[in-house]
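Inside the fold
Listed below, chain by chain, are the residues.
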2 protein chains.
Amino acid sequence: MAKFIDVHSGMKGITSEQLLEAHRKDQATEARDGMHFLKAWADPTSGKIFCLSEGPSREAVMKVHERSGHPTAEIYEVPLEVT
Amino acid sequence: MAKFIDVHSGMKGITSEQLLEAHRKDQATEARDGMHFLKAWADPTSGKIFCLSEGPSREAVMKVHERSGHPTAEIYEVPLEVT
């Protein structure tokens, strides 16, 4: 099980409802690829979205996001984490 | 009080100890700018680091990171968050 942060761009003006809808869409099918989407943060001004997830691979992150209709190529495995 | 995600690049090969040291350095002086650095994640393969923080402004994030010797211009305010 690894952790991932992926980044989406170009979502200027995204609303709270749209972010939640996109996140719930991922969560609805994530189990098919052994993924779990933990959190997502959005900046409506720049249009950036950051998703934190855990699962088996970058490819699994990509598959879930593709199925939800919001693919991104910018996916990082983040094995190091500090609090 | 707002939340921020900032991104550092070019840190290929960063170790767990180096990430912790950098994060502790931020936390040691963050109060001067009313900031709190909550979490940081790193991908040693791509050299990306993501920091999650809360505080008054992007400028405050920038000041703390500059004082710690790891400035970045890539700072996003993330008013939207879902779990």
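Note: the structure precedes this text.
Residues numbered from 1 in each chain as written. Chains lettered and ligands numbered in written order. Predicted model: local features only at pLDDT ≥ 70, side-chain atom pairs only at ≥ 80, totals over all residues.

**Looking at the sheet that holds strand S2 (residues 36–43) of chain A**
Ordered in space as S4(A)-S1(A)-S3(A)-S2(A)-S5(B), the five strands form an open sheet in which the pairing is antiparallel. Every interior strand has two partners, whereas the edge strands, strand S4 (75–77) of chain A together with strand S5 (80–82) of chain B, have only one. Sheet twist, expressed as the average angle between the axes of neighbouring strands with direction ignored, equals 15 degrees. Bridge count for S2 of chain A against S5 of chain B is three bridges, and the pairing is antiparallel. Looking across to S5 of chain B, one finds that Trp41 of chain A is bridged to Glu81 of chain B. The strands that helix H1 (residues 16–29) of chain A touches are S2 of chain A together with S5 of chain B; relative to S2 of chain A, the one it contacts most, it runs at about 160 degrees. (Pairing = 2+ DSSP bridges. Helix = DSSP H or I, 4+ residues; strand = E, 2+ residues; numbered from the N terminus. Axes fitted to C-alpha atoms, helices over the stretch in contact; angles between N-to-C directions. Contact = placed C-beta atoms within 7 Å.)

**Let's talk about the interface of chain A and chain B**
Taken together, the contact between chain A and chain B spans 23 residues of the former and 24 residues of the latter. Those elements that place two or more of their residues in the side of chain A that touches chain B are H1, S2, strand S3 (48–55), S4 and strand S5 (80–82) of chain A. Looking at which element gives the most residues to the side of chain A that touches chain B, the answer is S2 of chain A, with five residues. Per-class residue counts for the side of chain A that touches chain B are 13 nonpolar, five polar and five charged. (Nonpolar A, V, L, I, M, F, W, Y, C, P; charged D, E, K, R; others polar.)

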